[in-house]
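So you can see what is in the structure, the chains are spelled out below.
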Amino acid sequence: MAVAPAKSAANAKSRATKPAASAGKQSNSLKEFNRDEELEAYRMMLLIRRFEEKAGQMYGMGLIGGFCHLYIGQEAVVVGMQMASRENDQVITGYRDHGHMLACGMDARGVMAELTGRRGGLSKGKGGSMHMFSKEKHFYGGHGIVGGQVSLGTGLAFANHYRGNNSVSMTYFGDGAANQGQVYESFNMAELWKLPVVYVIENNRYAMGTAVTRASAQADFSKRGASFNIPGEQVDGMDVRAVRDAGSRAIEWCRSGKGPFILEMQTYRYRGHSMSDPAKYRSKEEVQKMRDEHDPIEQVRARLLRNKLATEDDLKQIDAKVRAVVADAAEFATHDPEPDPSELWTDIVR
Amino acid sequence: MATNILMPALSPTMEQGKLAKWLKKEGDRVKSGDILAEIETDKATMEVEAVDEGILSKILVPDGTDNVAVNTPIAVITADGEDANAAPAAAPVAPVAVAPAPAASVSAPAIVTNAAPAESEIPAGTAMVSMTVREALRDAMAEEMRRDGDVFVMGEEVAEYQGAYKVTQGLLQEFGAKRVIDTPITEHGFAGIAVGAAMTGLRPIVEFMTFNFAMQAIDHIINSAAKTLYMSGGQMGCPIVFRGPNGAAARVGAQHSQDYSAWYSQIPGLKVVAPYTAADFKGLLKSAIRDPNPVVFLENEILYGQSSDVPKLDDFTVPIGKARVHRVGKDVTFVTFAIGMTYAIKAAAELEKEGIDVEIIDLRTLRPMDTETVIRSVMKTGRCVTIEEGWPQNGIGAEVGMRIMEQAFDYIDAPVIRITGKDVPMPYAANLEKLALPNIGEIVAAAKAVCYR
């Protein structure tokens, strides 16, 4: 039997699917979620969605300043990856980071209060939307310089390797950052030293306003590690099951000492690059089609109902709980005082 | 015609070396490419090849001779039947200077300490041992690596090559490849990896082959290392040392000759150290490795081979943020640091002959800057000259001058003068390079000017 030349060790399992092509299809190779998993994914993705919608509202009200990059549409990526990872695995990402923090279990009040620049924010109001961290939850930021987190995330993996602690670094970046030079410097060292890092490339099709095809000579990001012999896989990033599946394989690859792994998550952001972006570079129809046909949350919801794993009432209850968490966070972030002026001078050096 | 074989230079800053061994003897016929001898410096061993055909008719410098100056004739090669004594005279081959020579040479002076480091740093009666700055740095790293398994060193050529400037000599042998890590030539990437590792609590020492190459990594030094503690509201720090040679070396041109002292010293969240004596290099590097903050540790290639006394103590550290009064004087204060000290010391000796008594302050740490020691001195002398190799605009001298104006205006009797590198990219030509750097003549003139002499 003829076999196509393997592009990677994981070739047999790779699914070169685009979200548009995988609409509504059931993949037989996909490991189905059980009821608890479906509900967990649903609840967490919904929490991120509602949180981000609220953040967008609060930005509009002037409560949140500066840059604010929303994760709406991409929820399945971080939620699926977190379902595949273990407690001590680290997460690091760029500036579109609110979803990652919530998925890591960081407090919604703390995240929202950081967005509003209040003393109860996770960085005491001194970091803002792009700069939050949690040692306890193994979340290493929150980085504002495109691509910077890729070297840093490789460094987290270096530390795991140095300590022999068997943890894996989940290093997230976008299709824009994937063109940065330091990404390839990091790929080289990660493979050379067999560092346990999963590079999760969230390809949401636009680097700010530039479509992937206008900025990337090789738009198949799963192949971006080819010169370094890093295996890669394209994943339907709108399907949380596909993400968890691929994530599990990639993490296992890293944890078993084989070095880094690249996952290209084909996803989509519904909102503009940041709150100030009217997104004129794409059509309303394109966005609407994504929402209608590929929404990661709707997919889970439909499965839960279709498979009779939950009733409309069950889901309403989850919705209500999520809304309550978000409302509480917004309330806290609105009324928590600003940092004490003395905070200006603290935490500069230890 | 007979040809002199000259003692070669192994590096831009080498001035002398040891003629370790002749591999040919007088009377041997040699051809181009034959290895004639081995020479050694404190950082490398190299073979001298014949560049011409002929007979090695005379060996002028025997095996085992130390301190042979670069360009000294070491042997004569003659053509068949020619008399060795017909060799050209052993004339120096240095180019004729076309610019007025500076008042005194600044080449490789031994480090002279005529004031001991502050008493608190060294207990009375401590034995001293003379060592090079290079050895002091190596010892500092080795001691800290023995003390703490989280300390490791990474950079280009730090392991198998033993350091591009031999600063990490022997560390691979003692600590192994896990903790002494050769990197690819990718500063941006490996600096980021080290910062990421430091965020988890490891304590990397990142060696940049020179700080010129750290420009590729400056985003991680500033945006990732220096700001994280603040941006995380104090949760996540970055205990890391970025070290390597900084500033002008010798004849390496504009891209390899730049002083970054002022650049890094402007950044809140960084500490910046730039020592001069071997003792300070050792004690401050140990402190930098233990410091919970990112420290930029600026060394100087020209100082690497210079020796001075280091206290023989099991655990000698020098606190970051404290200047050192190197020479006590009453007439004028020189504020300087790192290789600037070599100019200050020579100028002070010149000025002493003319009855001007100079106080020299070695800042040692540029951030946090020990303004108190500077101000105390200036209140006494009423006069100040700053000396640095870096550029004038927004330089360390500019900062020191401003702080004096803010804090001791009523005590100064003359405007502060800055002596700096000239406001030009570093030229290659020997005479122009010399002109681009500070010189003793201009420092002496500045000291006299502020003393109204």
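Just so it is clear, the structure is predicted and the values come from calculations on it, not from any experiment.

Caption draft 1: Highlighting the overall build of chain A. A tally of helices and strands in chain A yields eleven helices and eight strands. Taking 2.2 N^0.38 as the reference for a compact globule, 350 residues should give roughly 20 Å; the C-alpha atoms of chain A span a radius of gyration of 20 Å, in line with that estimate. Taking all 350 residues of chain A together, 58% fall into the buried category. For chain A, the exposed surface amounts to about 14,400 Å²; the carbon and sulfur share of it is 52%. Distance from the positive charge centre (46 side chains) to the negative charge centre (43 side chains) of chain A: 3 Å.

Caption draft 2: Fine view of the packing of helix α3 (residues 187-199) of chain B against helix α4 (residues 218-226) of chain B. Residues and elements named next belong to chain B. Put simply, α3 and α4 touch, their axes get as near as 9 Å, and they point 15° apart. By the angle between their axes, α3 is roughly parallel relative to α4. When the axes of α3 and α4 are compared, the crossing they make is right-handed. Residues His188, Ala191, Gly192, Val195 and Met199 of α3 lie in contact with α4, whose contacting residues are Asp219, His220, Ser224 and Ala225.

Caption draft 3: Region of interest: the sheet that holds strand β8 (residues 73-78) of chain B. Residues and elements named next belong to chain B. Within the open sheet, the four strands sit side by side as β1-β8-β6-β3. Their pairing is antiparallel. At either margin of the open sheet sits one strand with a lone partner, and together these are β1 (3-6) and β3 (29-30). Sheet analysis places β1 next to β8, joined by four bridges and oriented antiparallel. Counted as the bridge partner of Asn4 is Val76 from β8.

Caption draft 4: Just the interface of chain B and chain A, in detail. Each side of the interface is counted separately: chain B has 43 residues, and chain A has 37 residues. Where chain B touches chain A, the interface holds zero salt bridges. On the surface where chain B and chain A come into contact, there are 19 residue pairs in polar contact (both at pLDDT 80 or more). Only β10 (151-155), β11 (180-182), α3, α4 and α5 (228-231) of chain B provide two or more residues apiece to the side of chain B that touches chain A. A total of ten residues in the side of chain B that touches chain A trace back to one element, the largest contributor, which is α3(B). Split into classes, the residues belonging to the side of chain B that touches chain A amount to 17 nonpolar, 20 polar and six charged.

The rules behind each value
- Residues numbered from 1 in each chain as written.
- Chains lettered and ligands numbered in written order.
- Predicted model: local features only at pLDDT ≥ 70, side-chain atom pairs only at ≥ 80, totals over all residues.
- Heavy atoms only, no water.
- Helix = DSSP H or I, 4+ residues; strand = E, 2+ residues; numbered from the N terminus.
- Rg over C-alpha atoms; globule rule 2.2 N^0.38 Å.
- Buried < 20%, exposed > 50% of the residue type's maximum accessible area, 1.4 Å probe, protein only.
- Areas by Shrake-Rupley, 256 points an atom, 1.4 Å probe, with all protein chains shown as cover.
- Lys, Arg positive; Asp, Glu negative; His and termini not counted.
- Charge placed at Lys NZ, Arg CZ, Asp CG, Glu CD.
- Axes fitted to C-alpha atoms, helices over the stretch in contact; angles between N-to-C directions.
- Parallel < 35°, antiparallel > 145°, perpendicular 65-115°, else oblique.
- Left-handed = near helix turned anticlockwise from the far one by under 90°.
- Contact = heavy atoms within 4.5 Å.
- Pairing = 2+ DSSP bridges.
- Salt bridge = Lys/Arg side-chain N within 4 Å of Asp/Glu carboxyl O.
- Polar contact = N/O pair within 3.5 Å; in protein donor to acceptor, adjacent residues only side chain to side chain.
- Nonpolar A, V, L, I, M, F, W, Y, C, P; charged D, E, K, R; others polar.

So far we have only geometry, and geometry alone does not tell us how the molecule works.
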